[in-house]
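# An overview of the molecular structure
Listed here are the chains, written in short residue letters.
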Amino acid sequence: MVQQIILRNIEKPQIKSLEEDLFWFCDSFGFSSGRDTENTANRIIFSLLEKLSNDRISSSEALAEDLEIKISRVNHHLRNLNDSGLLYRKKRLIYLRGGSLKAAVKEMRKDSERILDELESIAEEIDSIMGLKNR
């Protein structure tokens, strides 16, 4: 499985609000790209969080209907969110990884640590082959 975790160091919003915090969260993970002018990824995440907070499970069809956008656009963003490790799909239903944003971030942290550990190991092998030494 290919996983892409993007981290952007963005200043936290000065105004404390759920909407501003959600935008910051999404921007920090690169969920909202420059091409997403309508903030579709943010809207999908917010809608999903609302459903989950009311103990409702969601599907891409339900999200598309709620947000009044084409299902193909929803599925595009859900694929990206799935690839990042924030959520997962089981059959036709969508779940937040770990059941909460905090748990999902913790799982994504573990994923990134595993990736970086593997990169460090390979880098050490390459350094050794090339005769490069650590200071």
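Quick note: structure is the one above.
Let me sum up the structure you'll find in this document. (Residues numbered from 1 in each chain as written. Predicted model: local features only at pLDDT ≥ 70, side-chain atom pairs only at ≥ 80, totals over all residues. Heavy atoms only, no water.)

What tends to happen in soluble globular proteins is that the nonpolar side chains get buried as a cluster. In terms of nonpolar packing, the biggest core is built from 22 residues, with F31, I44, I45, V74, L78, L81 and L86 touching the most fellow members. Breaking this core down by element, the ones donating at least two residues are α1 (18-28), α2 (40-53), α3 (60-67), α4 (71-84), β3 (93-96) and α5 (101-130). Other than its neighbours up to four places away in sequence, L81 contacts F31, I44, I45, L86 and L87. (Core = buried A, V, L, I, M, F, W, Y, C linked by side-chain atoms within 4.5 Å. Buried < 20%, exposed > 50% of the residue type's maximum accessible area, 1.4 Å probe, protein only. Helix = DSSP H or I, 4+ residues; strand = E, 2+ residues; numbered from the N terminus. Contact = heavy atoms within 4.5 Å.)

For the rest of this paragraph, the subject is the side chain of D111. Mapped onto the fold, D111 is located in helix α5. Those residues within four positions of D111 in sequence are excluded, and the remaining contacts are Q3, I5 and R97.

Take the sheet that holds β3 next. With respect to topology, three strands assemble into an open sheet ordered β1-β3-β2, the strand pairing being antiparallel. Each end of this open sheet is capped by a strand with a single partner; those strands are β1 (58-59) and β2 (87-90). One ladder, built from two bridges, connects β1 with β3; its direction is antiparallel. Directly across from S59, in β3, lies its bridge partner L93. (Pairing = 2+ DSSP bridges.)

Our focus in this paragraph is the pattern of salt bridges. Oppositely charged side chains can form a pair if their charged atoms are brought close together. Under the criterion given, the structure shown has eight salt bridges. Linking D66 and K51 is a salt bridge whose minimum nitrogen-to-oxygen distance equals 2.5 Å. Residue D66 is located in helix α3, and its partner K51 is located in helix α2; the two are separated by 15 residues in the primary sequence. K51 sits in the buried class, given a relative accessible area of 7%. Between R97 and E107 there is a salt bridge, and its shortest N-O distance comes to 3.6 Å. On the criterion of sequence distance, the pair formed by R97 in the loop between β3 and α5 and E107 in helix α5 is long-range, its members being ten residues apart. The buried category is assigned to R97, whose relative accessible area is 18%. (Salt bridge = Lys/Arg side-chain N within 4 Å of Asp/Glu carboxyl O.)

What follows covers the packing of aromatic side chains. One pass over the structure, following the stated rule, counts four aromatic pairs. For the ring pair F25 and F31, a centre distance of 6.5 Å and an interplane angle of 55 degrees mean the geometry is tilted. Neither residue differs from the other here; F25 and F31 are each classed as buried. Clustering of aromatic rings is evident, with ring pairs tying together F25, F29 and F31. (Phe/Tyr/Trp six-rings, centres within 6.5 Å; stacked < 30°, edge-to-face > 60°.)

Attention now moves to the packing of α2 against α3. The angle between the axes and the distance between the axes are what describe a pair of packed helices. Where α2 contacts α3, the two axes come as close as 10 Å, and the packing angle between them is 110 degrees. By the angle class used here, α2 and α3 are roughly perpendicular. Crossing handedness for the pair α2 and α3: right-handed. Across the interface between the two elements, R43, I44, S47, L48 and K51 from α2 touch A62, L63, D66 and L67 from α3. Looking at the contact of α2 with α3 residue by residue, the classes come out as five nonpolar, one polar and three charged. (Axes fitted to C-alpha atoms, helices over the stretch in contact; angles between N-to-C directions. Parallel < 35°, antiparallel > 145°, perpendicular 65-115°, else oblique. Left-handed = near helix turned anticlockwise from the far one by under 90°. Nonpolar A, V, L, I, M, F, W, Y, C, P; charged D, E, K, R; others polar.)

The values are spatial; any link to function lies outside them.
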